Amino acid sequence: QVQMVESGGGLVQAGGSLRLSCVASGRTFSNYAMGWFRQAPGKEREFVAAINWSGGTTYYADSVKGRFTISRDNAKNTVYLQMNSLKPEDTAVYYCAAKRGVATMLDTLYDYWGQGTQVTVSS
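Rules and cut-offs
- Residues numbered from 1 in each chain as written.
- Predicted model: local features only at pLDDT ≥ 70, side-chain atom pairs only at ≥ 80, totals over all residues.
- Heavy atoms only, no water.
- Core = buried A, V, L, I, M, F, W, Y, C linked by side-chain atoms within 4.5 Å.
- Buried < 20%, exposed > 50% of the residue type's maximum accessible area, 1.4 Å probe, protein only.
- Helix = DSSP H or I, 4+ residues; strand = E, 2+ residues; numbered from the N terminus.
- Contact = heavy atoms within 4.5 Å.
- Salt bridge = Lys/Arg side-chain N within 4 Å of Asp/Glu carboxyl O.
- Pairing = 2+ DSSP bridges.

K.L.:
Help me understand the nonpolar core, please; the structure alone is not making it clear to me.
P.N.:
The nonpolar side chains of a soluble globular protein tend to be buried, and buried together. Of all hydrophobic cores here, the largest spans 38 residues; its most connected members are M4, M34, W36, L81, M83 and Y94. Taken together, the elements giving at least two residues each to this core come down to β3 (18-25), β4 (32-39), β5 (46-51), β7 (68-73), β8 (78-83), β9 (92-100) and β11 (117-122). Residue contacts for L81: discarding those within four places in its chain leaves L18, R19, L20, W36, V48, A49, F68, T69, I70 and Y94.

This is how it looks when you write it as structure tokens:
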């Protein structure tokens, strides 16, 4: 089992920045690829970003490319999502997720999920 707790969400004006953190516990963090997903009200959960175990490979949704950066610190069992130039359409609950093996954009392949943190971007 891997337990994960997200933090860093909040209310921000359009154009602002937030940094989300996800702290994992329970298993060897560096064995897991990590992903960030989000779900807006009335919409399906969507992929945001993913990172492999070493941090050497990252993937981004087209909608966030160039604005968001995923990173990880295996010594701290933490994955981050730096979000810049936020837009109202970024408003959602953001979830981190973990899986063994390679990073992927497919949410169904992730085994462990956090409970989410709310991000609200006002216009």
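That shown, we press on.
K.L.:
I'm lost on the pattern of salt bridges in this one. Help?
P.N.:
Two side chains that carry opposite charge are able to pair once their charged atoms sit near each other. For the structure on display, the rule yields 5 salt bridges. Residue R38 pairs with D90 through a salt bridge whose shortest N-O separation is 2.9 Å. Of the two residues, R38 sits in strand β4 while D90 sits in the loop between β8 and β9, which places them 52 residues apart along the sequence. One salt bridge connects D90 with R67, and the closest N-O pair in it is separated by 2.7 Å. Here D90, found in the loop between β8 and β9, pairs with R67, found in the loop between β6 (58-60) and β7; they are 23 residues apart in sequence, far enough to count as distant. Given a relative accessible area of 1%, D90 falls into the buried group. Judged by its relative accessible area of 10%, R67 falls in the buried class. Beyond isolated ion pairs, a larger network of salt bridges with shared partners links R38, E46, R67 and D90.

K.L.:
Just checking my understanding: could you explain the pairing of strand β1 (residues 3-7) for this structure?
P.N.:
Side chains on a regular strand alternate between the two faces of the sheet. Side chains of β1 alternate between two faces, with M4 and E6 buried and Q3, V5 and S7 left unburied. Examined bridge by bridge, β1 and β3 share 5 bridges and lie antiparallel to one another. By the bridge assignment for β3, Q3 is matched with S25.

Geometric descriptors of this kind do not, in isolation, establish any biological role.
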